[in-house]
Amino acid sequence: MSYHHLALAASDMKATHEFYEGVMGFELVKVEVAPVMTGGWGKHFFYRMDGDDSTFIAFWELHDTKDANEYIFDLNKAAKLPPMTNHYSFSVESDEELAQWREKWRAAGLSVFEIDHNWCKSIYTTDPSGNAVEFCLTRGEFTAADRERALAALDETEFNPSPAPVSMKMWEPVDA
């Protein structure tokens, strides 16, 4: 089974388009305009992510919907969770590709948080709705010991931390 699309509501669809097509390089390929079940209507924009027609990220621009002035578009704020808890992550194949994305985000005026988790290295920023976006490079393979640790954690009720990250760094936007 594979992933087809992730759908999110956008607080500002034009800014969302500029971020996902202009910065991320995802191509807008389709829109569905339809009524919303509880009233009002919406535009559902689909962005092709990998150059094929099998994986997308999609955004809703809602109109005339009930309680629209109360919507919270940042997933973590809406759920009252700490920042970056809910996020979506895209895969990269090399350290060079990860660095290229970091610099592309910085050049677009975005702050970037970088962390080497030991088993993977990640960079994070936020989209125009405040949602956390990640690029991640997996390193190595998962072992039987990794699985045993994960299974044991299912029953743990006390803090039993993983090894500390190799490194963490905040990158500020590049001055335009």
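Structure: see above.
Bear in mind the structure is a predicted one, so any value in this text is a computation, not a measurement.

Definitions and cut-offs
- Residue numbering note: each chain is counted from 1, following its sequence as written.
- Totals for whole chains, interfaces and linings use all residues, but because this is a predicted model, local features are given only for residues with pLDDT of at least 70 and pairs of side-chain atoms are given and counted only at 80 or more.
- With hydrogens and water excluded, all non-hydrogen atoms of the structure serve as input to the side-chain values.
- Here a helix means four or more residues in a row that DSSP labels H or I, a strand means two or more in a row labelled E, and each is numbered from the N terminus.
- For this count, His and the chain ends are skipped, Lys and Arg are scored as positive, and Asp and Glu as negative.
- Lysine's charge is taken at NZ, arginine's at CZ, aspartate's at CG and glutamate's at CD.
- Pairs of strands are assigned from DSSP output, requiring at least two bridges between the strands.
- Only the contacting stretch of a helix is used when fitting its axis, a line to C-alpha atoms as for every element, and angles between N-to-C directions run 0 to 180 degrees.
- Every residue pair with non-hydrogen atoms within 4.5 Å of one another is taken to be in contact.
- To sort residues, take the accessible area from a 1.4 Å probe on protein chains only and compare it with the maximum for the residue type: under 20% means buried, over 50% means exposed, and anything in between is partly exposed.
- Throughout, the arc means the angular range of directions from the helix axis out to the C-beta atoms.
- Polar contacts, as counted here, are pairs of nitrogen or oxygen atoms within 3.5 Å of one another; within protein the pair requires one atom able to donate a hydrogen and one able to accept it, and residues that are adjacent in sequence qualify only if both atoms are side-chain atoms.
- Within this analysis, patches are made of residues with over 30% relative accessible area and no salt bridge. Like charges are joined at 9 Å or less; nonpolar side chains (Val, Leu, Ile, Met, Phe, Trp, Tyr) at 5 Å or less.
- The Shrake-Rupley method, run with a 1.4 Å probe sphere, supplies the accessible areas, and residue values consider only the shown protein chains as cover.
- By definition here, a salt bridge exists when the distance from a side-chain nitrogen of Lys or Arg to a carboxyl oxygen of Asp or Glu is within 4 Å.
- Think of a 1 Å grid over the protein atoms and nothing else: a 1.4 Å probe that fits but is trapped marks a cavity, an open set flanked by protein within 12 Å on at least five of seven lines marks a pocket, and residues with an atom within 4 Å of a point count as lining.
- Grid points are joined across faces, edges and corners, and a volume is the space filled by probe spheres set on the points.
- Residues are sorted three ways: Asp, Glu, Lys and Arg are charged, Ala, Val, Leu, Ile, Met, Phe, Trp, Tyr, Cys and Pro are nonpolar, and all the rest, Gly among them, are polar.

**Description of the overall build of the chain**
What the chain contains, in helices and strands, is four helices and nine strands. Overall, the chain shows an N-to-C arrangement of helices and strands of β-α-β-β-β-α-β-α-β-β-β-α-β. The C-alpha extent of the chain, read off along each of the three principal axes, is 50 × 45 × 30 Å. Between the mean site of the 15 positive side-chain charges and the mean site of the 30 negative ones, the chain shows a separation of 3 Å.

**Topic: the sheet that holds strand β9 (residues 167-171)**
On the basis of which strands lie adjacent, the open sheet formed by five strands has the order β5-β8-β7-β6-β9 and mixed pairing. Every other strand in the sheet has two partners, leaving β5 (87-91) and β9 as the edge strands with one partner each. In this sheet, adjacent strand axes meet at a mean angle of 20° when their direction is disregarded. Inspection of the sheet shows strand β7 (residues 120-126) paired to strand β8 (residues 132-138) by seven bridges, in the antiparallel sense. By the bridge assignment, I123 is partnered in β8 with F135. Contacts from helix α3 (residues 95-107) reach β6 (112-116), β7, β8 and β9, with the element oriented near 15° to β7.

**Overview of helix α1 (residues 13-23)**
The complete set of buried residues in α1 reads M13, T16, F19, Y20 and V23. Axial view of α1: buried residues confined to an arc of 155°, hence all on one face. Set apart from the buried face of α1 by more than 90 degrees, the exposed residues are K14, E18 and G22. Against β3 (41-48), β4 (56-63), β5, α3, β7 and β8 lie the buried residues of α1. Sitting at the amino-terminal end of α1 is D12, which places a side-chain oxygen 3.2 Å from the backbone nitrogen of K14. Once α1 finishes, G25 follows within two positions and takes phi at roughly 80°, a positive value.

**As for a nonpolar patch on the surface**
Judged by side-chain polarity, V31, V33 and W41 come together as a nonpolar surface patch covering roughly 240 Å² of accessible area. With respect to the helices and strands, V33 occurs in strand β2 (residues 27-35).

**Structural notes on the environment of E103**
Along the polypeptide, E103 turns up in helix α3. Separated by 40 residues in sequence, E103 and T143 place their C-alpha atoms 33 Å apart. If we ignore the near neighbours within four places in the chain, the residues touching E103 are W171 and V174.

**Here's the deal with the layout of surface pockets**
In this model, the largest pocket occupies a volume close to 410 Å³. The wall of the largest pocket is formed by 15 residues, among which H117, W119, D146, S162 and P163 lie closest to the centre. When residues in the lining of the largest pocket are grouped by element, the largest group, four residues, is from helix α4 (residues 144-153). Tallied by class, the residues present in the lining of the largest pocket amount to six nonpolar, five polar and four charged.

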